[in-house]
Amino acid sequence: PPPTAGPHWPPSNPWAGVVGGVFPVPADPPPALATPAPEPPGPVGVSDSVWLGLPPPPVDDLKEAYEVEEIIRTRTPEQVQSVRDHDRVPFYAIQKVCDKHGLQFHPKEFKDIIYQQTDIINYFKKKFNRKRPIEVLPSLNTLPSATNKTRSYPSGHACQSVVVARYVAGKVPKLEKELMAAAYECGYGRVVAGFHYLSDYEAGNLLGEKLYVLMNKMDYGAELPEDTARGTRIKFKDLSESLKKLI
């Protein structure tokens, strides 16, 4: 059972440690648990933003929107083209690095990595529910896009490109610097385009780093061998099943 006293009791999130939706209550619960516990923040009641290290966004959206306006004023034709290239393909520049060095991956490998992040990213977007810069400062000269209709924080493109770049760099470490530069080109481009605040971009990078740590990094399509000591055969997933359950 959980402790009933001490510097860490009661827990800041009474749902931390929930297993199967049941929180083990001590025989003599402290007064702090006398009031009804709040609804869990996520589908399975995990302290998600704390556990993944994702801080809430800054509160002064207008101030950040003016920063975006200054960035937009200096964007170049090359940046505009990059935004267009990455709009539906967050790993566009990463793929160029792979092609340059003759690296071959399965045709759907990067797309699968992107796809399996979507629910996680959208969960945090809905949780923080931050307005896009254009909603705060309608005069912004934003670029056209087919992928900027969700909430603003964190940047999904930043997160997705970081995970893909880390995935490739994990297999070819000598290209890490070049791959990460390609990832940041994608994420920062969303700020240049006027779709995101700088803090959205930074949070997207942070979330991408966190997700990569939890990623199943076996070769694409591989399976663990049958081994009763290790449990049931597990088919490859780009992001672990345990991570999916956490959100």
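Analysis parameters
- Residues numbered from 1 in each chain as written.
- Predicted model: local features only at pLDDT ≥ 70, side-chain atom pairs only at ≥ 80, totals over all residues.
- Heavy atoms only, no water.
- Helix = DSSP H or I, 4+ residues; strand = E, 2+ residues; numbered from the N terminus.
- Buried < 20%, exposed > 50% of the residue type's maximum accessible area, 1.4 Å probe, protein only.
- Contact = heavy atoms within 4.5 Å.
- Areas by Shrake-Rupley, 256 points an atom, 1.4 Å probe, with all protein chains shown as cover.
- Salt bridge = Lys/Arg side-chain N within 4 Å of Asp/Glu carboxyl O.
- Phe/Tyr/Trp six-rings, centres within 6.5 Å; stacked < 30°, edge-to-face > 60°.
- Expected span 1.5 Å × (residues − 1).
- Polar contact = N/O pair within 3.5 Å; in protein donor to acceptor, adjacent residues only side chain to side chain.
- pLDDT = per-residue confidence, 0-100.
- Axes fitted to C-alpha atoms, helices over the stretch in contact; angles between N-to-C directions.
- Parallel < 35°, antiparallel > 145°, perpendicular 65-115°, else oblique.
- Nonpolar A, V, L, I, M, F, W, Y, C, P; charged D, E, K, R; others polar.
- Core = buried A, V, L, I, M, F, W, Y, C linked by side-chain atoms within 4.5 Å.

**Student:** Lay out the overall build of the protein in plain terms, naming residues and giving numbers.
**Tutor:** Of regular secondary structure, the protein possesses 11 helices and zero strands. Tracing the protein from N to C terminus, the helices and strands come up as α-α-α-α-α-α-α-α-α-α-α. Taking all 247 residues of the protein together, the buried fraction comes to 43%. In the protein, the proportion of contacts linking residues at least 24 apart, taken out of those at least 6 apart, comes to 75%. Counting every atom, the protein has about 13600 Å² of accessible surface; 57% of that belongs to carbon and sulfur.

**Student:** Can you break down the environment of glutamate 67 residue by residue, with the values?
**Tutor:** Among the structural elements, glutamate 67 can be located in helix 2 (residues 61–73). When its relative accessible area of 34% is taken as the criterion, glutamate 67 is described as partly exposed. The spatial distance from the C-alpha of glutamate 67 to the C-alpha of valine 191 is 9.7 Å, given a sequence separation of 124 residues.

**Student:** I'd like a description of the pattern of salt bridges, backed by residues and values.
**Tutor:** By the definition in use, this model includes 10 salt bridges. For arginine 130, the salt bridge identified is with aspartate 200, shortest N-O distance 2.8 Å. Of the two residues, arginine 130 is situated in the loop between helix 6 (118–128) and helix 7 (133–136) and aspartate 200 in helix 10 (residues 198–213); the sequence distance between them amounts to 70 residues. Here arginine 130 falls in the buried class, since its relative accessible area comes to 3%. Between glutamate 209 and arginine 166 there is a salt bridge whose closest N-O contact spans 3.1 Å.

**Student:** Residues and numbers for the packing of aromatic side chains, please.
**Tutor:** Summed over the entire model, instances satisfying the criterion amount to seven aromatic pairs. Measuring from ring centre to ring centre gives 5.0 Å for phenylalanine 105 and phenylalanine 110, while their planes differ by 45°; the resulting arrangement is tilted. With relative accessibility at 24%, the residue phenylalanine 105 sits in the partly exposed group. A residue is classified by how much of its surface remains accessible, and phenylalanine 110, at 4% relative accessible area, is buried. Both rings, one in tyrosine 188 and one in tyrosine 201, keep their centres 5.8 Å apart while their planes meet at 65°; by these two values the pair is edge-to-face. With a gap of 13 residues between them, tyrosine 188 in helix 9 (residues 176–192) and tyrosine 201 in helix 10 connect regions that are remote in the sequence. Cluster of aromatic residues (ring-pair linked, three or more members): Phe91, Phe105, Phe110 and Tyr167.

**Student:** Before we move on, can you summarise helix 8 (residues 156–171) with the specific residues and values?
**Tutor:** In a regular helix each residue adds 1.5 Å, so 16 residues correspond to 22 Å; helix 8 covers 23 Å between its end C-alpha atoms and thus fits that length. Within helix 8, 14 of the 16 residues are buried, leaving the element largely enclosed by the surrounding structure. The N-cap of helix 8, judged by a side-chain oxygen 3.2 Å from the amide nitrogen of alanine 158 a few residues on, is serine 155.

**Student:** Outline the environment of isoleucine 72, listing residues and values.
**Tutor:** By the element assignment, isoleucine 72 lies in helix 2. The spatial distance from the C-alpha of isoleucine 72 to the C-alpha of glycine 194 is 6.6 Å, given a sequence separation of 122 residues. What isoleucine 72 contacts, discounting residues up to four positions off in sequence, is Leu140, Asn141, Val191, Val192 and Gly194.

**Student:** Residues and numbers for the confidence of the model for the protein, please.
**Tutor:** On average, residues of the protein score 79 in pLDDT, and 67% of them reach the 70 mark or higher. Counting contacts from residues 223–240, a segment whose pLDDT is below 50, to residues more than four positions away or on other chains yields 34 contacts.

**Student:** Let's hear about the packing of helix 4 (residues 92–100) against helix 9: which residues, and what values?
**Tutor:** It is at 8 Å that the axes of helix 4 and helix 9 come closest, and there the two elements cross at 155°. One element, helix 4, and the other, helix 9, form an angle in the roughly antiparallel class. Of the residues in helix 9, those touching helix 4 at Ala93, Ile94, Val97 and Lys100 are Glu178, Leu179, Ala182, Ala183 and Glu185. Across the contact of helix 4 with helix 9, the residue classes tally to six nonpolar, no polar and three charged.

**Student:** Can you tell me about the nonpolar core, naming the residues and giving the values?
**Tutor:** Ile94, Phe110, Val168 and Leu179 are the most contacted members of the largest nonpolar core, which totals 35 residues. Of all the secondary structure elements, the ones that give two or more residues to this core are helix 4, helix 5 (109–115), helix 6, helix 8, helix 9 and helix 10. In terms of residue count, the dominant contributor to this core is helix 8 (eight residues). Beyond its immediate sequence surroundings of up to four residues, valine 168 is in contact with Ile94, Cys98, Leu103, Phe105, Phe110 and Leu179. Formed by 11 residues, the second largest nonpolar core is a distinct cluster that contains Leu140, Ala158, Val192 and Tyr197.

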